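Chain residues, written in single-letter form:
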Amino acid sequence: MKRLLILIVGIMVLSSCASMSESVFNGHETYYASGSHMKFSILGHRNPSEEAMKESDEESWWGTPVPYEPAK
């Protein structure tokens, strides 16, 4: 029984690694676009400044826009 459990867990781990290679995040070098983006995300997201808005546009912090489609 213990061997079966270890086998199942091993298969789950290996299959998740395979799906990570196809992930959107795999195409990026880092999670944040820049140091300013990281600083904003950690410290300044509650009170954004005009400067942060300009930087976010210049550095594409928000990635590819996805249009909102309301549920039917």
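Residues numbered from 1 in each chain as written. Predicted model: local features only at pLDDT ≥ 70, side-chain atom pairs only at ≥ 80, totals over all residues. Heavy atoms only, no water.

A.B. asks: Could you give an account of the overall build of the protein chain, with specific residues and numbers?
C.D. replies: Of the regular secondary structure elements, the protein chain holds three helices and zero strands. Each helix and strand of the protein chain, placed in order from N terminus to C terminus, yields the pattern α-α-α. Looking at the 72 residues of the protein chain, the share that counts as buried comes to 8%. Total accessible area computed for the protein chain in this model is approximately 7,000 Å², and 62% of it derives from carbon and sulfur atoms. (Helix = DSSP H or I, 4+ residues; strand = E, 2+ residues; numbered from the N terminus. Buried < 20%, exposed > 50% of the residue type's maximum accessible area, 1.4 Å probe, protein only. Areas by Shrake-Rupley, 256 points an atom, 1.4 Å probe, with all protein chains shown as cover.)

A.B. asks: Break down helix H3 (residues 50-59) for me, with residues and values.
C.D. replies: Among the residues of H3, those classed as buried are Ala52, Glu55 and Ser56. An end-on view of H3 places all buried positions within 100° of arc, on one side of the element. Opposite the packed face of H3, turned more than 90 degrees from it, sit the exposed residues Glu50, Lys54, Asp57 and Glu58. (Arc of directions from axis to C-beta.)

A.B. asks: Break down a nonpolar patch on the surface for me, with residues and values.
C.D. replies: A contiguous nonpolar surface patch, about 690 Å² in accessible area, is contributed by Met1, Leu4, Leu7, Ile8, Ile11 and Met12. As for its position among the elements, Met1 is in the segment before helix H1 (2-20). (Patch = residues over 30% accessible without salt bridge, like charges linked within 9 Å, V, L, I, M, F, W, Y side chains within 5 Å. Salt bridge = Lys/Arg side-chain N within 4 Å of Asp/Glu carboxyl O.)

A.B. asks: How would you explain the confidence of the model for the protein chain if you had to name every residue and give the values?
C.D. replies: On average, residues of the protein chain carry a pLDDT of 75, and 75% of them reach 70 or more. H1 is the least confidently modelled element of the protein chain, averaging 77 in pLDDT, while H3 averages 83, the highest of any element. (pLDDT = per-residue confidence, 0-100.)

A.B. asks: How would you sum up the side chain of His37? Please name residues and give values.
C.D. replies: Tracing the sequence through the fold places His37 in helix H2 (residues 35-44). Relative accessible area serves as the criterion here: at 7%, His37 is assigned to the buried category. His37 has contacts with Tyr31, Tyr32 and Trp61, leaving out every residue within four places of it along the chain. (Contact = heavy atoms within 4.5 Å.)

A.B. asks: Before we move on, can you summarise the side chain of Ser56 with the specific residues and values?
C.D. replies: With respect to the helices and strands, the residue Ser56 is situated in helix H3. Taking the relative accessible area as the measure of exposure, Ser56 reaches 9% and is therefore buried. Here Met53 takes part through its backbone oxygen, which lies 2.7 Å from a polar atom of the side chain of Ser56. With near-sequence residues (within four places) excluded, Ser56 lies in contact with Trp61 and Trp62. (Polar contact = N/O pair within 3.5 Å; in protein donor to acceptor, adjacent residues only side chain to side chain.)

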